[in-house]
Amino acid sequence: MVVPKICGMTRRLAEVAQQVGVSEATVSRVLNGKPGVSEATREAVLTALDVLGYERPTQLRGDRARLVGLVLPELQTPIFPAFAEVVGGALAQQGFSSLLCTRTLGGVSEADYVDLLLQQQVSGVVFAGGLYAQANAPHRHYELIQERKLPAVLVNAAVDNLGFPQVSSDDHVAAEIAIGHLRALGHQRIGMVLGPRDHIPSRRKLSAFLAADDADPELVEHAMFSLEGGHAAATKLVHRGATGLVCASDTLALGAIRAVRRAGLSVPDHVSVIGHDDSAMMNCTDPPLTTVRQPIDAMGRAAVDLLIALIERATVPTDELLFTPELILRSSTTRPHT
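Reading the values: rules and limits
Residues numbered from 1 in each chain as written. Predicted model: local features only at pLDDT ≥ 70, side-chain atom pairs only at ≥ 80, totals over all residues. Heavy atoms only, no water. Pairing = 2+ DSSP bridges. Helix = DSSP H or I, 4+ residues; strand = E, 2+ residues; numbered from the N terminus. Axes fitted to C-alpha atoms, helices over the stretch in contact; angles between N-to-C directions. Contact = heavy atoms within 4.5 Å. Phe/Tyr/Trp six-rings, centres within 6.5 Å; stacked < 30°, edge-to-face > 60°. Buried < 20%, exposed > 50% of the residue type's maximum accessible area, 1.4 Å probe, protein only. Core = buried A, V, L, I, M, F, W, Y, C linked by side-chain atoms within 4.5 Å. Right-handed = clockwise from strand over helix to strand, strands pointing away.

J.: Break down the sheet that holds strand β6 (residues 190–194) for me, with residues and values.
T.: Strand order in this open sheet of 6 strands is β7-β6-β8-β9-β10-β12, and the pairing throughout is mixed. On the outer flanks of this sheet lie β7 (220–222) and β12 (326–328), each paired with one strand and no other. Strand-to-strand twist across the sheet, computed as the mean angle between neighbouring axes with direction ignored, equals 20°. Here β6 runs beside strand β8 (residues 244–247); their pairing, made up of 4 bridges, is parallel. In the sheet register, G191 faces β8, and the bridge partner there is L245. Sheet strands touched by helix α7 (residues 171–185): β6, β8, β9 (272–277), β10 (290–293) and β12. Its angle to β9, the strand with the most contacts, is close to 160°. Packed on one face of the sheet, helix α9 (residues 227–239) meets β6, β7 and β8 and runs near 160° to β6.

J.: So what about the packing of aromatic side chains? Which residues, and what values?
T.: Going through the model one piece at a time under the given rule, you end up with 3 aromatic pairs. Relative to F164, the ring of Y142 has its centre 6.4 Å away and its plane inclined at 70°; by these criteria the two rings are edge-to-face. Of this pair, Y142 sits in helix α6 (residues 140–147) while F164 sits in the loop between β4 (152–155) and β5 (166–169), and the two are 22 residues apart along the sequence. Neither Y142 nor F164 differs from the other in exposure class; each is buried. What links up through ring pairs into an aromatic cluster is the set F127, Y132, Y142 and F164.

J.: I'd love a proper account of the nonpolar core, names of residues and values included.
T.: Within the largest apolar cluster, 51 residues are counted, with the highest numbers of intra-cluster contacts made by F83, V125, F127, Y132, V155 and L162. At 8 residues, helix α11 (residues 296–311) tops the list of elements feeding residues into this core. Ignoring anything within four residues of it in the chain, the contact list for F127 reads V71, E110, V114, Y132, Y142, I145, A152, V153, L154 and V155. If you look at the next biggest cluster of nonpolar residues, it comprises 38 residues, including A208, L252, I257 and A259.

J.: For the pairing of strand β3 (residues 124–128), give the residues involved together with the corresponding values.
T.: Most of β3 sits out of view: 5 of its 5 residues are buried. In this sheet, β3 lies alongside strand β1 (residues 67–72) in parallel orientation, the contact comprising 4 bridges. Note on β3: the bridge partner recorded for V71 is F127. In terms of strand pairing, β3 meets β4 through 4 bridges, oriented parallel. Following the sheet pairing, F127 is matched in β4 by L154. The parallel pair β3 and β4 is bridged by α6, and the resulting crossover is right-handed.

J.: Tell me about the sheet that holds β5, and please be specific about residues and values.
T.: Ordered in space as β2-β1-β3-β4-β5-β11, the 6 strands form an open sheet in which the pairing is parallel. The open sheet terminates on both sides in strands that have one partner only, identified here as β2 (97–102) and β11 (320–323). Across the sheet, the mean angle separating the axes of adjacent strands is 20° when strand polarity is ignored. In terms of strand pairing, β4 meets β5 through 2 bridges, oriented parallel. Looking at β5, one finds that L154 is bridged to Q166. On top of the sheet, α11 reaches β1, β3, β4, β5 and β11; it is set at about 160° to β4, its chief contact.

The analysis is restricted to geometry; functional conclusions fall outside its scope.
As structure tokens, then:
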């Protein structure tokens, strides 16, 4: 029996066998396309090859692995590992394993990961927080996915005409309920701390803000999604007299709180601050952060359901599914200081 080149070494056979919990002889039968192995075991062996980074034998490359790529921008922001947990669990219930891919500055790009996932013969891809949300970013790798007919789902707002199913938190509603809360408390000088100008979810939040008759465009600042970005943007808005700040992420909100304190003021006595996401530990900040919660459990499960339907060649509309966010009231907002 000739074992395919990539698994010709006994050590590699043993690794795959150990990963799956079968004998090396069983692994060899799968790799040589021999009968006598159940379909479940065959799929498990092929998935183990992908997980361990071994190339599939040539005659087996036509089969896509029961692997799904999960492409995230980073794991420092708590919302992304929380989303990865939801998607990974939902995929496991469907018999798929997730392959986590996180972009790094100056390192592996989103396009690089797409090339890797195509080489690994994954069954599909879920993107969250990707370059599809930036109007000025390169989008060629999404076109490549379409050309290869690889099932993919996007999470949260994207540029137009990419042609993928989308699962999104309603950014317009998120801004409306945050602004409405501050107005109900009596705030009139409400500022917005948003992401970059080409960031589609931030554009939607800005649209909701500017829809009000008394909205002041001078009370809008754009920043990178970081503590430092939130600090810099909020510093300008506080100097312009904003008494309430609506931020496009919890990280931006934490930077805004720091800016208020550096200005010799306090949250919420002088400036109220609202975040977005309801990331882990936001109830433990000082003060506990009022924020708009993305329904990531429902969104993650919906994204997986859509992806599985695509994998099974069902007809899936490319309409955007909008999920309603929820305002979580804590201690970072109150009536304006008089």
